[in-house]
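Residue-level structure breakdown
Residues per chain, in single letters:
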2 protein chains.
Amino acid sequence: MMTTSVDDRVDSLLSKLGSRITGPRRRVARLLASKQGSFSAEALNEELPDVGRATVYRTLKLLSDAGVLCKTTLPDGSPRYSIDHSWHHHHLICSSCRTVEEFRHSALERLLCEMSAEIPGQVLGHRVELYVTCMHCL
Amino acid sequence: MMTTSVDDRVDSLLSKLGSRITGPRRRVARLLASKQGSFSAEALNEELPDVGRATVYRTLKLLSDAGVLCKTTLPDGSPRYSIDHSWHHHHLICSSCRTVEEFRHSALERLLCEMSAEIPGQVLGHRVELYVTCMHCL
DNA sequence: TCGATCATTGAGACGAGATATCAAAATGAT
DNA sequence: ATCATTTTGATATCTCGTCTCAATGATCGA
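Each chain has its residues counted from 1, running along the sequence as written. To label them, take the chains in the order written and letter them from A, then take the ligands in the order written and number them from 1. Per-residue local features are limited, in this predicted model, to residues with pLDDT of at least 70; the limit for side-chain atom pairs, both in listing and counting, is 80 or more; totals at the level of whole chains, interfaces and linings are taken over all residues. Side-chain descriptors were evaluated using all non-hydrogen atoms of the structure, hydrogens and water having been removed beforehand.

Re the interface of chain A and chain B
Note: interface size is frequently given as the accessible area lost on complex formation between the parts. In this assembly, 29 residues from chain A lie in contact with 29 residues from chain B. What gets called buried area is simply the loss in accessible area from a 1.4 Å probe that two parts show on being joined, summed for both. Between chain A and chain B the total buried area reaches about 2700 Å² when both faces are included, carbon and sulfur atoms providing 66% of it. Counting the surface chain A buries against chain B, the share from its top three residues, Arg-127, Leu-130 and Tyr-131 of chain A, is 22%. The rule for a salt bridge is simple: a side-chain nitrogen of Lys or Arg has to be within 4 Å of a carboxyl oxygen of Asp or Glu. The residue Glu-129 of chain B makes a salt bridge to Arg-127 of chain A at a minimum N-O spacing of 3.1 Å. Within 3.5 Å is the distance limit for a polar contact, defined as a pair of N or O atoms, with the added protein rule that one can donate a hydrogen and the other accept it, and that residues adjacent in sequence qualify only through two side-chain atoms. Where chain A touches chain B, the interface holds 10 residue pairs in polar contact (both at pLDDT 80 or more). Those elements giving two or more residues to the side of chain A that touches chain B turn out to be α5 (106–118) and β6 (122–133) of chain A. For the side of chain A that touches chain B, the element with the most residues is β6 of chain A, which contributes 12 residues. By definition, residues are in contact when any of their heavy atoms lie within 4.5 Å. Strands are runs of DSSP state E lasting at least two residues, helices are runs of H or I lasting at least four, and both sets are numbered from the N terminus onward.

Next comes the structure, spelled out in C-alpha cells:
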C-alpha cells in the first residue's frame, strides 16, 4: 500500500496551516474522506453526534479556506460542500437530485480570461454554474 | 412628461399576473423604483415599517418570479436583490463594496450554448459571476 | 352601489444554516 | 510535567425566510 492514511494527510495539512491536530477535526476529516458528491453541513453534523455543531462548521470553514473543500450555493440558496479536486473548475448542478459535479472547460477559461481585460475594475475571480437535469434523472 | 408613473406600471404588471393591486404592494414597488444597485430584503423591510415582514418577502418573491427583480447570492452566501433589466445577463460583484452590476457578453453566451451540447444530461440554464474590485473601490 | 367571495395582510411562531460567547478541556512547546 | 494558547461544545443569537391563521380589503356580479 502506497496510500497515505487519511489521518496522516489531515495531520500534515493542519500543521501546514498552523492549526492543532485534534480528535474532532480528525473525525470530521475522516467522514469527509468517505464522502463523494456534495453534501450539506447539517447532514455531516447529524452523522457526527459526538462532535459539536460549532466545531463541524468551524472545520468545514477551515478546510474550505484551505482549499480542501469547495462551497457552492444551489439556485434556491442552500449551501453545499464538496471535495475540491484542487484544480480550478466549475459546477454542473442537477436541478432534480441537487447533485453537484465538477467540470473544466479550457475554452471557457480562455474566454473569461480575455473578458477580464475588457471589464472596468480589477477582476479577482469568477464562478460558472450550469443547471442541468443529469443523465441519472432523465 | 411621457413617463408612466410607477403606480401605473405596477398596476398593469399585477393585473397581468392576475394578482390584486394593494397598498402594501405599491409601497414596496415604490421603494424598489427609488433604488439603484443591489439591496438586501432585510434593508427594504426596515425602510418599510408599516408593511409586514412577510409581505415584503412575499412581494419580493412575486416580483422575482415575474422577472422584475433578480436575486443573486454573494460569495459569502448572503442574498441580494436588484432590478432586472429584463434581458439575460450575468453579474459583476464587487468583493469590496458588495455592489452587484449586470453585464452581458454575446461571445460568452455563444460559448455556453455550444458547451451545452457537449454536456451529458439536459442543460436548463447557467449562471456566471465575476468577482471584481470595482473602479469606485480601487 | 352593495354584498359575497376570495386573495392578501400582518403578527408571530417556526426552521435552516450559520456565527458568537465563554467556561472547560485538550494540545504541544519547553 | 508545566503552562500558555487553542480548541471545544452547549447554548444563545443572528439572518433570511416560510407558515399559520384570523382579520382585512380588493374585485366582480347583480
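Read on for the rest.
Description of the protein's contact with DNA strand C
Being near a molecule or strand, for a residue, means having at least one of its heavy atoms within 4 Å of it. Around DNA strand C sit 22 residues, and of these Arg-20, Arg-53 and Pro-79 of chain A together with Thr-22 and Arg-58 of chain B come closest. Sugar plus phosphate, as a fraction of atoms of DNA strand C within 4 Å of the protein: 61%. Taking Arg-20 of chain A, its side chain carries an N or O atom lying 2.7 Å from a base oxygen of DNA strand C. Between DNA strand C and Ile-21 of chain A there is a distance of 3.0 Å, counted from a phosphate oxygen to a backbone nitrogen or oxygen. In terms of residue count, helix α4 (residues 53–65) of chain A provides more of the surface near DNA strand C than any other element does, four residues in total. Under the grouping applied here, Gly and all other residues not named as nonpolar or charged are polar, the nonpolar ones being Ala, Val, Leu, Ile, Met, Phe, Trp, Tyr, Cys and Pro and the charged ones Asp, Glu, Lys and Arg. Considered class by class, the residues forming the surface near DNA strand C number nine nonpolar, four polar and nine charged.

A few points about the domain arrangement of chain A
Residue and element names in this part refer to chain A. If you check the domain split of chain A, you get domain 1 (1–86) and domain 2 (87–138). Here the bounds of each domain stem from an automatic or database domain assignment. Placing the centre of domain 1 and that of domain 2 at their C-alpha centroids yields a distance of 23 Å. At the junction of the two partners, domain 1 supplies 14 residues and domain 2 supplies 12 residues. Counting each side, the surface lost to burial between domain 1 and domain 2 is near 1000 Å², with a carbon and sulfur contribution of 48%. Our count for the contact surface shared by domain 1 and domain 2 stands at zero salt bridges. Between the two partners, domain 1 and domain 2, sit two residue pairs in polar contact (both at pLDDT 80 or more).

Considering the protein's contact with DNA strand D
In the neighbourhood of DNA strand D, 23 residues make up the surrounding shell, with Arg-20, Thr-22 and Arg-58 of chain A together with Arg-53 and Lys-71 of chain B lying closest. Backbone atoms, meaning sugar and phosphate, form 60% of the atoms of DNA strand D found within 4 Å of the protein. Between DNA strand D and the protein, one listed contact pairs a base nitrogen with a side-chain N or O atom of Arg-20 of chain B at 2.7 Å. Here Ile-21 of chain B contributes a backbone N or O atom positioned 3.2 Å from a phosphate oxygen of DNA strand D. Of all the elements in the fold, those that place two or more residues in the surface near DNA strand D are α2 (23–33) and α4 of chain A together with α3 (41–47), α4 (53–65) and β2 (79–83) of chain B. Considering each element in turn, the surface near DNA strand D owes the most residues, five residues, to α4 of chain B. The residue makeup of the surface near DNA strand D, split by class, is nine nonpolar, four polar and 10 charged.

A look at the pairing of strand β3 (residues 90–94) of chain B
All names here are of chain B. Most of β3 is tucked away, with five of its five residues classed as buried. Here's how the labels work: a residue is buried when its accessible area is under 20% of the maximum for its type, exposed when over 50%, partly exposed in between, all with a 1.4 Å probe on protein chains only. On β3, burial covers both faces: His-90, Leu-92 and Cys-94 on one face and His-91 and Ile-93 on the other are all buried. Strands were regarded as paired on the criterion that DSSP finds at least two bridges between them. Two elements, β3 and strand β4 (residues 100–103), share four bridges in a ladder whose sense is antiparallel. Its bridge partner lying in β4, Leu-92 is registered against Glu-101. Here β3 folds back onto β4, and the loop between the two strands holds five residues, one of which, Arg-98, carries a positive phi near 65°.

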